[in-house]
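Structural features, examined
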Amino acid sequence: MKKFLAIDIGASSGRHIVGTLENGRIVAEEVYRFPNGNKEENGHLVWDIQNLFSQVKLGIAEAIRRFGKIDSLSVDTWAVDYVLMKGEEEILPCYAYRDGRTADVIPAVHAVVPFEELYSRTGIQFQPFNTIYQLYADKLSGRLESATDYLMLPEYLLYKLTGVKASEYTNATSTGLVNAQTHAFDETLLSRLGLPRTMFRALSQPGTVLGNLKEEIAEEVGGNMQAVLCATHDTASAVLSAPVGAGFDTPYLSSGTWSLLGIEQPAAHTDEESRANNFSNEGGLDFTFRYQKNIMGLWMLQSVRKELGLNFAEAEKLARANVCKQIVDCNDESFLAPHSMCEAVRKSAGALSDGQMLYCIYNSLAHCYKKALDEMGKKLDRKFDCLHIIGGGSMDSLLNELTAKIAGVRVIAGPTEATALGNLLVQMAAGGVIRNIAEGRKKILCSFPLKQFS
């Protein structure tokens, strides 16, 4: 029986999950978990990539200790962030997307290529941390002068494991530099922005086998295995595991630190209406697209809970006991990286008790989901009656209940470890255990309990 290792790293934690196919059902077991987060360094928010890599290796070693032979592994992380490389050496620091270094750069980029044109070419929604702005900040600061290439974070970790540099398609689309029609880096954008063409390699599809672990890595972790490119953007992997089973008709909500609400589409929508509503078109398997909107998500709840010293259950109980009508715009930039999330929410919503503030966030997120569903339905000329919520947020009963009530949809919640499962599905397809992702989705549907809210 073949065994596959999904290394799924989010902004707040990472996990190693071993998956197998047993009697037609997918069995997944977490073998290692570690905390993650950005840190402040010289006035900037950065990622500790050395620690990330160390944790990745420790988790691989634990998987081998527990399961013996592992056939393959893959890594997914959040999007947009990357490591600049000078040959085989990193150019540090590795900036975190919540750092504010792009604030003064955005107008400079738009002066060269107006955002309307950027959107028509790439279909990627405006976010102040998009890779295009980060790379232009590197150019203006001189950091690109010695750079030979760059690697998105999951591809960087896979490179450290295998010695093979690659650029995976779904993750590359998040940079805002991939043309939505050609599915390759947009030569016109690279030229006009003066970004070195040699940094941008040909894009590889999920399922590409990179090769075995380097000998010294295999010796360190206690065994060797193949490394495969999954859909390395975590949302792309998560959506692969959504048991929608209805082609391009059923919307999803990938609910974690960020909420990504969207629907799979056969082609990108790069029209004015989509741009005005700030929808993104991120690449999926077989050159499909995830037509979706990024919403601040559980980051707000996570931050408030941390400030108040509450666990998940305590925060939900307190919110349920303090129903209030106030809502805030969850996508306001004041909530991106505030010194105090409690202060930021109260500044926007008014003087609220702790419980009211928590309920306000839940309520506001549900209203954001309704707005995005309405905009998407209007654009696609359809009425949605069902929403699949996947990822860690699918366990949040209060948020699921409010979403169902406010958006007027039936909510199907689960699976929880959606990203890791999508990672595993690509590896299983590459390893010949399942024929394709569609088959894998059907197996997820019968392998994991799903809850419904209406």
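Below, the structure is looked at part by part. (Residues numbered from 1 in each chain as written. Predicted model: local features only at pLDDT ≥ 70, side-chain atom pairs only at ≥ 80, totals over all residues. Heavy atoms only, no water.)

**Some remarks on the packing of helix α1 (residues 49–67) against helix α5 (residues 153–162)**
Counted only if it meets this: Comment: axis = line fitted to C-alpha atoms, over the contacting stretch for helices; angle = value between 0 and 180 degrees taken between N-to-C directions. Elements are defined by DSSP. Helices are runs of H or I of four residues or more, strands are runs of E of two residues or more, and each kind is numbered from the N terminus. Here the angle decides the label: under 35 degrees means roughly parallel, over 145 means roughly antiparallel, 65 to 115 means roughly perpendicular, and every other value means oblique. Should the near helix be turned counterclockwise from the far one by less than a right angle, the crossing is left-handed, whereas a clockwise turn marks it as right-handed. Contacts are assigned to residue pairs with any non-hydrogen atoms lying within 4.5 Å of each other. Polar here means any residue other than Ala, Val, Leu, Ile, Met, Phe, Trp, Tyr, Cys and Pro, which are nonpolar, and Asp, Glu, Lys and Arg, which are charged; Gly is therefore polar.
At a minimum axis separation of 11 Å, α1 and α5 run at an interaxial angle of 60°. When the axes of α1 and α5 are compared, the pair comes out oblique. The interaxial crossing formed by α1 with α5 has right-handed handedness. Each of I49, L52, F53, V56, K57 and I60 in α1 lies in contact with α5, whose residues at this interface are L153, Y156, L157, K160 and L161. Broken down by class, the residue content of the contact of α1 with α5 amounts to nine nonpolar, no polar and two charged.

**Regarding the pairing of strand β1 (residues 4–9)**
Definition in use: Accessibility here uses a 1.4 Å probe with only protein chains present; expressed as a share of the type maximum, an area under 20% marks a residue as buried, one over 50% as exposed, and anything in between as partly exposed. At least two DSSP bridges between two strands are needed for those strands to be called paired.
Burial analysis of β1 places six of its six residues in the buried class, which makes it a mostly covered element. Where burial is concerned, the two faces of β1 agree: the one with F4, A6 and D8 and the one with L5, I7 and I9 are both buried. Pairing of β1 with strand β6 (residues 72–76), which is carried by five bridges, proceeds in the parallel orientation. Of the residues in β6, the one forming a bridge with I7 is V75. Judged from the six bridges that link them, β1 and strand β2 (residues 13–22) form a sheet pairing that is antiparallel. Each residue of the ladder has a partner; that of A6, found in β2, is I17. Hairpin geometry of β1 and β2 is characterised by an intervening segment of three residues between the two adjacent antiparallel strands.

**Topic: the side chain of S72**
Note the threshold: Here a polar contact is recorded for every N or O atom pair within 3.5 Å, except that within protein the pair must consist of a potential hydrogen donor and a potential acceptor, and residues adjacent in sequence are included only if both atoms are side-chain atoms.
Here S72 is to be found in strand β6. Polar contacts involving the side chain of S72 include one to the side chain of Q427, which spans 2.6 Å. Those residues in contact with S72 that lie beyond four places of it in its chain are K3, F4, L5, M225, Q226, V228 and Q427.

**Some points on the sheet that holds β1**
Spatially, β3-β2-β1-β6-β12-β11 is the arrangement adopted by the six strands of the open sheet, whose pairing is mixed. Edge positions in the sheet fall to β3 (25–35) and β11 (209–212), since each of these pairs with one other strand and no more. Across the sheet, the axes of successive neighbouring strands diverge by a mean angle of 25°, strand direction being ignored. Sheet strands touched by helix α16 (residues 418–430): β1, β2, β3, β6 and β12 (226–228). Its angle to β1, the strand with the most contacts, is close to 145°. Sitting on the sheet, helix α17 (residues 437–447) is in contact with β2 and β3, with an inclination near 80° to β3.

**Observations concerning the sheet that holds strand β5 (residues 44–47)**
Sheets are built from strands paired through backbone hydrogen bonds, the pairs being either parallel or antiparallel. Here we have three strands laid out as an open sheet, ordered β4-β5-β9, and antiparallel in their pairing. The outermost strands of the open sheet, each flanked by one partner alone, are β4 (39–41) and β9 (94–95). Bridge count between β4 and β5: three bridges; the pairing is antiparallel. Within β5, the position partnered with E40 by the bridge is L45.

**Regarding the nonpolar core**
Defined as follows: In this text, buried Ala, Val, Leu, Ile, Met, Phe, Trp, Tyr and Cys residues form a nonpolar core when linked through side-chain atoms within 4.5 Å.
Core analysis: the largest hydrophobic core is formed by 128 residues, its most contacted members being I60 and L177. Looking at which element gives the most residues to this core, the answer is helix α14 (residues 354–380), with 14 residues. Ignoring anything within four residues of it in the chain, the contact list for L177 reads T122, I132, L135, A184, F185, D186, L189, L190, L193, L195 and F200. Residues A231, L240, A420 and I437 belong to the second largest nonpolar core, which totals 19 residues.

**Here's the deal with the pattern of salt bridges**
Filter applied, for reference: Whenever a carboxyl oxygen of Asp or Glu lies within 4 Å of a side-chain nitrogen of Lys or Arg, that contact is scored as a salt bridge.
Under the definition given, this model contains 31 salt bridges. Across the pair R201 and D149 runs a salt bridge, and its minimum N-O distance is 2.8 Å. Highlighted residues: R201 in the loop between α7 (187–193) and β11 and D149 in strand β10 (residues 149–152), separated in sequence by 52 residues. For the salt bridge of R290 with E282, the shortest nitrogen-to-oxygen distance reads 3.0 Å. Taking relative accessible area as the criterion, R290 reaches 3% and is therefore assigned buried. Classification of E282 by relative accessible area gives buried; the value is 5%. Among the charged side chains, a salt-bridge network with shared partners connects D8, R15, E30, R33 and E417.

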